[in-house]
Number of protein chains: 2
Amino acid sequence: MSKRVQPAHLDVFDRKILAILQRDNMTPQRTIGDAVNLSAPAVQRRIKRMREEGVIRADVSVVEPEALGQSITIFVEVEVISETAEQIERAKSEFAAAPEIQQCYYVTGEADFILVIVVPLMADYEALTRRLFFGNNNVKRFRTFVAMDRVKVGLGVPVG
Amino acid sequence: MSKRVQPAHLDVFDRKILAILQRDNMTPQRTIGDAVNLSAPAVQRRIKRMREEGVIRADVSVVEPEALGQSITIFVEVEVISETAEQIERAKSEFAAAPEIQQCYYVTGEADFILVIVVPLMADYEALTRRLFFGNNNVKRFRTFVAMDRVKVGLGVPVG
DNA sequence: GCTCCAATGAAACAAAATTGCAAATAATCC
DNA sequence: GGATTATTTGCAATTTTGTTTCATTGGAGC
């Protein structure tokens, strides 16, 4: 399923490097080295190791949705009827497969799933609800929240 | 406030390039060029332009929270009492400033804000609620959802 | 058909990443 | 504590990648 990334012996150098890479992963190793007091090759080897260990899961460009005409961000709380392992797994893969679904979390509380959806128009969201929710007889109900402002968006994690 | 990113005249080349960069922005320009049938310099110039235009907002490493000991992801719906522009702006900057808050959206619907929070322990979340919610007399109520599984996580936007 | 403009590719160039290796550091064992 | 071993480092050389130059191509407008 999801890969384990437990202990991870990250020293203070690693953490400083991660802090930089989470802000800008195009920063030259030489510059990183200066910032953390390490040579460029040392930085390079640490980054390589952290990638292999799965500490760094990916390196991506962050694209402005509006530039692609995908100007609507929507949150959805989904509550399901049956929570058998099989049904939950089915829902997970269905949600994960939809390109409009940017993020999907399986949660405790008054809902079972929380989705972050990005679409060009409300009509697209409506079509998606028909397909994913009304067309799925294990969905009990769902609540929609439309984002008026993406105040803070990112995947940055505090380095401690 | 937030910078405008207009219509953005993105042709099919740009979109293909973005699709690749959203998956892996360390892909060599030559490789990208081969994939989209363009020379490396052409790819380089397009990427440069899209960065300047704000189409590409950032280039980052995605770090596994668990590797940093930040193993709890939490969603919070926040409902405020007064929705004056001033109060809302105050809340936005307060939420945006908290490092534990990875994402913050101002939304319509039964809540006013939706937050994505990443912390090492429940105790940290509890402390955060005291500071941000109980310590703020404009917060009417908030609902907490704890993530059991981060099914799909990313910031990828459909290019189609 | 001609000019102007923007975008392209090939080649030259610059910069950055990666590797090899000896030295330094840290850890382990007696 | 001291010797041995295993890591990790920095420097220098090498390779790969990114960037600039420049002549050419392909249109759009006239």
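Owing to the predicted nature of the structure, the values given are computational and were not obtained by experimental measurement.

Things to note about the interface of chain B and chain A
A common way to express how large an interface is: the accessible area buried when the components associate.
Phase 1 of the analysis: With 69 residues of chain B at the contact, the number on the chain A side is 70 residues.
Phase 2 of the analysis: When chain B packs against chain A, close to 6,700 Å² is buried across both sides, 58% of that on carbon and sulfur atoms.
Phase 3 of the analysis: For the pair chain B and chain A, the number of links is 49 residue pairs in polar contact (both at pLDDT 80 or more).
Phase 4 of the analysis: Top element by residues in the side of chain B that touches chain A is strand E5 (residues 139-152) of chain B. It accounts for ten residues.

Some words on the pattern of salt bridges
Phase 1 of the analysis: Following the criterion strictly, the structure yields 37 salt bridges over all chains and no others.
Phase 2 of the analysis: Between Glu 64 of chain A and Arg 150 of chain A there is a salt bridge, with the nearest N and O atoms lying 3.5 Å from each other. One end of the pair, Glu 64 of chain A, is in the loop between strand E1 (56-63) and strand E2 (72-80); the other, Arg 150 of chain A, is in strand E5 (residues 139-152), with 86 residues separating them in the sequence.
Phase 3 of the analysis: Residue classification places Arg 150 of chain A among the partly exposed residues on the basis of a relative accessible area of 30%.
Phase 4 of the analysis: One salt-bridge network, held together by shared partners, links Glu 77, Glu 110 and Arg 143 of chain A together with Glu 77, Glu 110 and Arg 143 of chain B.

Focus: the domain arrangement of chain A
Phase 1 of the analysis: In terms of domains, chain A is made up of domain 1 (12-53) and domain 2 (65-146).
Phase 2 of the analysis: Look at where the C-alpha atoms of domain 1 of chain A and domain 2 of chain A centre, and you get two points 36 Å apart.

A few points about the relation of the copies chain B and chain A
Phase 1 of the analysis: Note on the identical chains: chain B maps onto chain A by a rotation of 180° and an axial translation of 0.0 Å, with an RMSD of 0.1 Å. The superposition of one copy onto the other is thereby described by a two-fold rotation axis. Proximity to the rotation axis, assessed at the C-alpha, singles out Val 60 of chain B in chain B; its C-alpha lies 2.8 Å from the axis.
Phase 2 of the analysis: Of the residues that chain B buries at the interface, 100% are likewise interface residues in chain A, meaning the two copies contact each other through the same surface.

Here we look at the sheet that holds strand E3 (residues 101-107) of chain B
Phase 1 of the analysis: The antiparallel closed barrel is built from eight strands, whose spatial order is E2(A)-E4(A)-E3(A)-E5(B)-E2(B)-E4(B)-E3(B)-E5(A). Going from strand to strand, the sheet's axes swing by 35° on average, the running direction of each strand aside.
Phase 2 of the analysis: Strands in contact with helix H5 (residues 122-134) of chain A are E2, strand E3 (101-107), strand E4 (113-119) and E5 of chain A; relative to E5 of chain A, the strand with the most contacts, it is inclined by about 150°.

What counts, and at which threshold
- Residues numbered from 1 in each chain as written.
- Chains lettered and ligands numbered in written order.
- Predicted model: local features only at pLDDT ≥ 70, side-chain atom pairs only at ≥ 80, totals over all residues.
- Heavy atoms only, no water.
- Contact = heavy atoms within 4.5 Å.
- Buried area = accessible area lost by both parts, 1.4 Å probe.
- Polar contact = N/O pair within 3.5 Å; in protein donor to acceptor, adjacent residues only side chain to side chain.
- Helix = DSSP H or I, 4+ residues; strand = E, 2+ residues; numbered from the N terminus.
- Salt bridge = Lys/Arg side-chain N within 4 Å of Asp/Glu carboxyl O.
- Buried < 20%, exposed > 50% of the residue type's maximum accessible area, 1.4 Å probe, protein only.
- Domains from an automatic or database assignment.
- Least-squares fit on C-alpha atoms with pLDDT ≥ 70 in both.
- Pairing = 2+ DSSP bridges.
- Axes fitted to C-alpha atoms, helices over the stretch in contact; angles between N-to-C directions.

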